[in-house]
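# Summary of structural features
Okay, here's what each chain looks like letter by letter:
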Amino acid sequence: MKPARTPEKLQQVVRNLKIGDLILVHTKKDPISSLIRLTTESYWTHVALVFDVPHTIAKGVSLDEVLIVETAPGEPLAVHRLQHYLTQPDKYDLGFKRMPGMSDEERERFRGFFLEVLDTPYDLFRVFLMFAQMVYTWIAKVNVSFRAAGQMITTRRYICTTFAQRAYYLAVAPHKRHLVLFRGHEHDIGFLEQMEKITPATIASSPNTVWLHNPHR
Amino acid sequence: MDKKSLERKCLSIVRRRSRTDLERKHGPLPDLRVGDIVLVRMKRGGLMRRFLRSVTGSYWDHACLVIFPHDLSKGHKHDIIIEALQTGLVTGLRQGVAMHLLSRYLNDPERYDVGICRIEWLDEITRKKMRSYALMNVDSPYYPLSFTKVFLALTSPWSRQRFSYRQRFSCSRLVQKALFEAIPENRRHRILFKPGYTPMQALDTVSPGDIARSQTVTWVWNKHL
């Protein structure tokens, strides 16, 4: 099958991506993704981060490729090409966000964090806990405290969203850390919830990030 | 004490404390550079790996490249490699060229042995170009070796030569191509690991054994041919 051409507007956004930019993915016609959207009340199902934009010249033609870092069920944290999503518009819809105010040095540190945690396994147990909590809240109409689940989660493994938050938090200088919390504007929640209870909807609606392309909640 | 030497001292303490199993066996790993070649022997790779080593006449059966050596100032203490590897059936669409921690091999002496060689004359710019080229190949597919072809290559010197002449090795090919593409055209002949072949053939058919035996590389850790 011939890969689809990326629209010019999207190509423009992709050309200007920087290390650490957020990529939100909407997977179409997939039952698990539908379930994620239903429980998280979001258009998006997955989050990845820009790892690098390597540049090379082959036979006089300049080539740019966007590399992303992501983690998904059954797969440890790894680097892939954005092209995988761009060439399948009938399967994926993409949105791009940026955390403003990050210096080049912070973006370099950001990449250092990716390299440090490469090959970390996906935390499937945490996804199960988040689903269980949401389902219980929906059935019992009682908001179960995240702290209870917090006793059971490990901070040494990641799901796509918590990985993004941890990377930002550790990349910036300590005095700027409150500025890179996706839920930084919610003052009534604890630090654990700010760092670990994050869904694609949290990132999509975070006022600490700005949309570059295709805004959806 | 300046910042750089303090960093080096901290790193040497960290590394001494967290020495990997293979380092305990072969001695401490040297400071790696971008573009260093890592050769791997998969001890539990099954019959296929055993046959492959026999056919290529080498101790090694896999090759990878160091693309991000540890750098505490940038926040990572691991050496990162890029390699072409078949990662299994579940991630069928995601097999091929991928980045991994070098420690995955260094920490498992029961399953792997590792050797490291280097092309000394590569400058910093070439090393960075090489890294860019290798990174642009992330997710490229793996070309599986045919068990039948490897097995047949064992049967006679003629079939072995024919195999060596025509078989494509994804892992060593990535190493060879990344280095070849990074070097200016007038010096590319110096980087070919398989002498006596046309550049196009040498790029495609180079094996881990060819790299190990090449005069182009200098061994820096655990030499085996």
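What counts as what
Residues numbered from 1 in each chain as written. Chains lettered and ligands numbered in written order. Predicted model: local features only at pLDDT ≥ 70, side-chain atom pairs only at ≥ 80, totals over all residues. Helix = DSSP H or I, 4+ residues; strand = E, 2+ residues; numbered from the N terminus. Contact = placed C-beta atoms within 7 Å. Buried ≥ 20, exposed ≤ 12 C-beta atoms within 10 Å, placed from the backbone. Nonpolar A, V, L, I, M, F, W, Y, C, P; charged D, E, K, R; others polar. pLDDT = per-residue confidence, 0-100. Axes fitted to C-alpha atoms, helices over the stretch in contact; angles between N-to-C directions. Parallel < 35°, antiparallel > 145°, perpendicular 65-115°, else oblique. Left-handed = near helix turned anticlockwise from the far one by under 90°. Pairing = 2+ DSSP bridges.

Before going further, it helps to examine the overall build of chain A. Within chain A, the secondary structure is distributed over 9 helices and 8 strands. A separation of at least 24 residues holds for 72% of the contacts in chain A among residues at least 6 apart in sequence.

Before going further, it helps to examine the overall build of chain B. From N to C terminus, chain B includes 10 helices and 6 strands. By residue count, 38% of the 225 residues in chain B fall in the buried class. Sequence-distant contacts in chain B: of pairs separated by 6 or more residues, those separated by 24 or more amount to 71%.

The interface of chain B with chain A comprises 23 residues on the first partner and 23 residues on the second. Every element with two or more residues in the side of chain B that touches chain A is listed here: strand E4 (96–101) and helix H5 (124–136) of chain B. Sorting elements by how many residues they give to the side of chain B that touches chain A places H5 of chain B first, with 5 residues. Within the side of chain B that touches chain A, the residues separate by chemical class into 10 nonpolar, 6 polar and 7 charged.

Before going further, it helps to examine the confidence of the model for chain B. In the predicted model, chain B carries a mean pLDDT of 84, and 88% of its residues have values of at least 70. Under the prediction, the complex receives an ipTM of 0.76, its pTM being 0.82.

Another point: the environment of Cys160 of chain A. With respect to the element layout, Cys160 of chain A can be found in helix H7 (residues 160–171). Leaving out residues up to four positions away in the same chain, Cys160 of chain A has contacts with His46, Val47, Ala48, Glu70, Thr71 and Ala72 of chain A.

All names here are of chain A. Where helix H4 (residues 104–117) meets H7, the closest approach of the two axes is 9 Å, and the angle between their N-to-C directions is 130°. In this view, H4 runs oblique relative to H7, as classed from their interaxial angle. The hand of the H4/H7 crossing is right-handed. Every residue of H7 that contacts H4 at Glu106, Arg109, Phe110, Phe113 and Phe114 is listed here: Ala167, Leu170 and Ala171. Taken together, the residues of the contact of H4 with H7 break down into 6 nonpolar, no polar and 2 charged.

This brings us to the pairing of strand E5 (residues 67–72) of chain A. All names here are of chain A. Buried residues dominate E5, accounting for 5 of its 6 residues. Sheet analysis places E5 next to strand E6 (residues 75–81), joined by 5 bridges and oriented antiparallel. Bridging from a neighbouring strand, Leu67 pairs with Arg81 of E6.

Turning our attention to the sheet that holds strand E7 (residues 92–98) of chain A. All names here are of chain A. An order of E6-E5-E2-E1-E7-E8 is seen for the 6 strands of this open sheet, with the pairing classed as antiparallel. Sheet topology places E6 and strand E8 (210–213) at the edges, where each strand pairs with a single neighbour. Across this sheet, the average inter-strand angle for adjacent strands is 35°, counted without regard to direction. As paired strands, strand E1 (residues 22–27) and E7 are joined by 6 bridges and run antiparallel to one another. Among the inter-strand pairings, Leu22 is bridged to a residue of E7, identified as Lys97.

Bringing the environment of Gln86 of chain B into the picture now. Residues and elements named next belong to chain B. You can see Gln86 is positioned in the loop between strand E3 (80–85) and E4. Among the residues examined, Gln86 registers 15 C-beta atoms within 10 Å and is labelled partly exposed. Once the C-alpha coordinates of Gln86 and Ser170 are considered, the two residues, 84 residues apart in sequence, prove to be 9.6 Å apart.

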